[in-house]
Amino acid sequence: MIHSSSTNSICDRRVMFLQTLPFLVQSRILSFLCFDHRRFCKRDLSMLARTLLTETEENDFWVKRAARNLLDKVSDSNYQWISGLSLDSGKERVGEEFGSIPDFLTDAASSANELFLPWLPLSHDTLSSRELFAGYESPDLLSQVGEDADDNSKDVAEEMEIDLVMVAPLDEEIQNMATSLKERIMTFESSSKTIELANEIRRLSLERKADPFVILGLLEPWKADDETASILIFHLSNGREEEEIAWPSQVLCSIMLPKMLVLEEPASRVLVIAMVEYCKLYQRAAECALLFPLIMKRSGINNHMCDVITRIVKESLHPAHVSAFCRKLLCGQEVEKRSIILPCHQCLVSSQLVWTESLFNLFQNILNHNVQLTQDSIDQLVLLIIDLAPSFSKSLKFGNFLLCFITRCSLVLKSRKPLLIEAVAKTNTLVTKSILSKLASF
């Protein structure tokens, strides 16, 4: 067992190492630890979070917020403390079983003479026995580890994907219930009635043996008026950040996404506020069930869509999340850009980005939000600028994006200066001379 003084010194070293990293990296590490906290010792995570909150005064806001979330996550539910006043009081009761090996391995360790691995107390005979692998025989089990790792990486990517194929038909009772609920969706009576309706839809979708996607497709909740939609979206989910991604994504893509895909005028205030708040709570769902499919719209986004996406990016997502999202959008493989979308709306979404003036305006807004793009995202944008400059030669929005891009990313664009000058020379806008002047100053 490790003594408390030894444990404290180890924790101090970890905190010291963490503090040498940029604030952005610190917050992402803490967010990861919060998300996968069950894989780590609660005592270690708690000590790390407490130390960052109490002994470091110059931490960034997002670092403190991530540390606070981590501390809340690993604290016992019955542990009462006052925020900011008693961080040093009391330590969470942590079982010592985290660092111990299971009983069956302890027994095996005492009886095994020749261990296969120092940290795995199983003998060669036991490891190769049929009993251990439930009768599965493999002539060269260990040689397949690398292959299995590749398969597992594909499985992880597929965990986010929802099967869009319509399954077996619904039974008559469920169809009748769906028809009744659909009629009520079209008629707004009161907030309380809408909340009751949301609860009934949730029960029908999740407690019956039917595909929620099929049920939502029958209900057509996207046809509800904006006030009804803003109430439905919150009460269909349970309001917890740790909720599985599938259902919040299905809710988002069946209510808000269809409205955004056909948006031809400024979105209503009640609708925008509802989306911003919902995306704050379910950021992963916002990415794959709203932002990706909307930006990948087959005919390209317009100014009104750009305004909505900009609000979500600025108010709902962490800058690091936006940077990762942009990398997937610009450089990601097709599997990384999979969208969660109802089958009836798939025809509205393309597998390729359609560059419009509004999309350039969106990237300008993202850059102005002080989002640090990755190097591969910047390189990809340079290539796109070279290709698209002739097509947008007289577009002022394209010129404004170029000026913003060159200004914000000047430190990493020096080696691309000749290519950019050649591309900018093909444009003729009010800002062309300003862009060339900025490039000349590199």
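Source: prediction; values computed, not measured.

Peer 1: How would you summarise the overall build of the protein if you had to cite specific residues and measurements?
Peer 2: When helices and strands are tallied, the protein shows 21 helices and two strands. Out of the 442 residues belonging to the protein, those deemed buried represent 42%. Within the protein, counting contacts between residues at least 6 apart in sequence, those at least 24 apart form 73% of the total. Accessible surface, the protein: about 24,600 Å² in total, of which carbon and sulfur atoms supply 52%.

Peer 1: Account for the packing of aromatic side chains, with residues named and values stated.
Peer 2: Here the structure, examined in full by the defined rule, presents eleven aromatic pairs. Relative to Phe392, the ring of Phe360 lies with its centre 5.1 Å away and its plane at 80°, an arrangement referred to as edge-to-face. Here Phe392 lies in the loop between α18 (375-388) and α19 (396-408) and Phe360 lies in helix α17 (residues 357-368), a separation of 32 residues in the sequence. No difference in accessibility class separates Phe360 from Phe392, as the two residues are buried. Following the ring pairs from residue to residue traces out a cluster consisting of Trp355, Phe360, Phe363, Phe392, Phe398, Phe401 and Phe405.

Peer 1: Give a detailed account of the nonpolar core, specifying residues and quantitative values.
Peer 2: Nonpolar side chains in soluble globular proteins tend to be buried together. Counting residues in each nonpolar core, the largest one holds 99 residues, and the members touching the most others are Ile201, Trp355 and Phe405. Apart from residues no more than four positions distant in its own chain, Phe405 is found in contact with Leu367, Ile378, Leu381, Val382, Ile385 and Leu413.

Peer 1: Tell me about the confidence of the model for the protein, and name the residues and values.
Peer 2: The share of residues in the protein with pLDDT of 70 or more is 72%, and the mean pLDDT across the chain is 79. For the protein, helix α7 (residues 145-159) is the element with the lowest average pLDDT, namely 42, and helix α15 (residues 303-316) is the one with the highest, namely 96. Counted against residues more than four places away or in other chains, residues 1-6, with its pLDDT under 50, gives two contacts. With pLDDT under 50 throughout, residues 129-167 is counted as low confidence; its partners more than four residues away or in other chains account for 34 contacts.

Peer 1: Explain the pattern of salt bridges residue by residue, including any values.
Peer 2: Counted by the stated rule, this structure contains nine salt bridges. A salt bridge links Arg416 to Asp379; its shortest N-O distance comes to 2.9 Å. Placement of Arg416 in the loop between α19 and α20 (417-424) and of Asp379 in helix α18 is noted, with a sequence separation of 37 residues between them. For Arg416, a relative accessible area of 24% translates into the label partly exposed.

Peer 1: Describe helix α13 (residues 269-281), with residues and values.
Peer 2: Over its 13 residues, α13 runs 19 Å from end to end, which matches the ideal 18 Å to within 8%, given 1.5 Å per residue. Of the residues making up α13, those classed as buried are Leu271, Val272, Ala274, Met275, Val276, Tyr278 and Cys279. At its buried positions, α13 is contacted by α11 (226-236), α12 (246-261), α14 (283-295) and α15.

Peer 1: Tell me about the packing of helix α9 (residues 191-206) against helix α10 (residues 212-219), and please be specific about residues and values.
Peer 2: How two helices pack is summed up by the angle between their axes together with the distance between the axes. Where α9 meets α10, the closest approach of the two axes is 8 Å, and the angle between their N-to-C directions is 140°. Relative to α10, the element α9 lies oblique. Read as a crossing pair, α9 and α10 show a hand that is right-handed. Residues Ile201, Leu204, Ser205 and Leu206 of α9 touch α10, and the partners they reach there are Pro212, Ile215, Leu216 and Leu219.

Peer 1: I'd like a description of helix α2 (residues 23-35), backed by residues and values.
Peer 2: Since there are 3.6 residues in each turn of an α-helix, residues three or four apart along the chain are aligned in direction. Across its 13 residues, α2 extends 18 Å between first and last C-alpha, which sits within 8% of the 18 Å expected from 1.5 Å per residue. Those residues of α2 that sit buried are Gln26, Ser27, Leu30, Leu33 and Cys34. One side of α2 carries all its buried residues, which in axial view fall inside an arc of 125°.

Peer 1: Quick rundown of the environment of Ala286? Include the residues and the values.
Peer 2: With respect to the element layout, Ala286 can be found in helix α14. Separated by 30 residues in sequence, Ala286 and Ser316 place their C-alpha atoms 9.1 Å apart. Not counting chain neighbours up to four residues away, the residues in contact with Ala286 comprise Leu252, Cys279 and Leu291.

Peer 1: Break down the state of the cysteines for me, citing the residues and quoting the values.
Peer 2: Put plainly, a disulfide is one covalent bond tying together the sulfur atoms of two cysteines. A complete count under the given rule lists zero disulfides for this structure. The closest cysteine sulfur to the non-disulfide-bonded Cys326 is located on Cys331, 9.7 Å from its own sulfur. The structure places no disulfide on Cys404, whose sulfur is separated from the nearest cysteine sulfur, that of Cys409, by 7.9 Å.

Peer 1: Could you give me a rundown of unusual backbone geometry, with the residues and numbers involved?
Peer 2: For Glu220, which is not glycine, the phi torsion reads 50° and is therefore positive. Topologically, Glu220 is positioned in the loop between α10 and α11. By relative accessible area, Glu220 is classed as buried at 17%. A positive phi angle, near 60°, is found at Asn370, a position not held by glycine. Here Asn370 shows up in the loop between α17 and α18.

Peer 1: I'd like a description of the environment of Gln346, backed by residues and values.
Peer 2: Its place among the elements puts Gln346 in the loop between α16 (319-331) and α17. Sequence separation between Gln346 and Lys297 is 49 residues; the distance between their C-alpha atoms is 9.6 Å.

Peer 1: Can you break down the packing of helix α8 (residues 172-185) against α9 residue by residue, with the values?
Peer 2: Two numbers describe how α8 lies on α9: the axes approach to 11 Å, and their chain directions differ by 155°. For the element pair α8 / α9, the angle class is roughly antiparallel. The way α8 lies across α9 gives a crossing that is left-handed. Contacts from Ile174, Met177, Ala178, Leu181, Arg184 and Ile185 of α8 reach α9 at Glu196, Leu197, Glu200, Ile201 and Leu204. In the contact of α8 with α9, the residues fall into eight nonpolar, no polar and three charged.

Analysis parameters
- Residues numbered from 1 in each chain as written.
- Predicted model: local features only at pLDDT ≥ 70, side-chain atom pairs only at ≥ 80, totals over all residues.
- Heavy atoms only, no water.
- Helix = DSSP H or I, 4+ residues; strand = E, 2+ residues; numbered from the N terminus.
- Buried < 20%, exposed > 50% of the residue type's maximum accessible area, 1.4 Å probe, protein only.
- Contact = heavy atoms within 4.5 Å.
- Areas by Shrake-Rupley, 256 points an atom, 1.4 Å probe, with all protein chains shown as cover.
- Phe/Tyr/Trp six-rings, centres within 6.5 Å; stacked < 30°, edge-to-face > 60°.
- Core = buried A, V, L, I, M, F, W, Y, C linked by side-chain atoms within 4.5 Å.
- pLDDT = per-residue confidence, 0-100.
- Salt bridge = Lys/Arg side-chain N within 4 Å of Asp/Glu carboxyl O.
- Expected span 1.5 Å × (residues − 1).
- Axes fitted to C-alpha atoms, helices over the stretch in contact; angles between N-to-C directions.
- Parallel < 35°, antiparallel > 145°, perpendicular 65-115°, else oblique.
- Left-handed = near helix turned anticlockwise from the far one by under 90°.
- Arc of directions from axis to C-beta.
- Disulfide = S-S within 2.5 Å.
- Nonpolar A, V, L, I, M, F, W, Y, C, P; charged D, E, K, R; others polar.

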